[in-house]
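# Summary of structural features
As a plain string of letters, each chain reads:
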Amino acid sequence: MAVTPVSLIVIAVVALIIFGPKKLPQFGKAVGSTLKEFKDATKGLADDDDDDDKVSKKSEGEAKQEEPKKIESEA
């Protein structure tokens, strides 16, 4: 579903009718702050996933380095 300029104008007019000119700026500010918090939260989750990937790759590398030592000690 594409968002066209006409649909944005219709949404703006309906919002103006429903909320009125005095409440509309407050509503816009609330929506903006909510979107900012959501983006920050999703960025934090993505950063946590990246950190987990780095730790697991590092652990795999350490495990691979330890395997030859075990084989040598068994021989």
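Here, the structure is the one placed above.
Described below are features of the structure shown in this document.

## So, the overall build of the protein chain
Of regular secondary structure, the protein chain possesses one helix and zero strands. For the protein chain, the exposed area adds up to about 7000 Å²; of that, 64% sits on carbon and sulfur atoms.

## Remarks on the packing of aromatic side chains
All told, the structure shown has one aromatic pair when counted by the stated rule. A centroid spacing of 4.5 Å and a plane angle of 20 degrees characterise the contact between F19 and F27, whose relative ring orientation is stacked. Relative accessible area serves as the criterion here: at 36%, F19 is assigned to the partly exposed category. Taking the relative accessible area as the measure of exposure, F27 reaches 39% and is therefore partly exposed.

## Things to note about a nonpolar patch on the surface
Nonpolar side chains collect at one region of the surface, where V6, V10, V14, I18, F19, F27, V31 and L35 lie side by side and expose about 710 Å² of accessible area between them. Here V6 is to be found in helix α1 (residues 5–74). According to the relative accessible area criterion, V6 is exposed, its value standing at 59%.

Parameters and conventions
Residues numbered from 1 in each chain as written. Predicted model: local features only at pLDDT ≥ 70, side-chain atom pairs only at ≥ 80, totals over all residues. Heavy atoms only, no water. Helix = DSSP H or I, 4+ residues; strand = E, 2+ residues; numbered from the N terminus. Areas by Shrake-Rupley, 256 points an atom, 1.4 Å probe, with all protein chains shown as cover. Phe/Tyr/Trp six-rings, centres within 6.5 Å; stacked < 30°, edge-to-face > 60°. Buried < 20%, exposed > 50% of the residue type's maximum accessible area, 1.4 Å probe, protein only. Patch = residues over 30% accessible without salt bridge, like charges linked within 9 Å, V, L, I, M, F, W, Y side chains within 5 Å. Salt bridge = Lys/Arg side-chain N within 4 Å of Asp/Glu carboxyl O.

Such coordinate-based values are descriptive only and should not be taken to indicate function.
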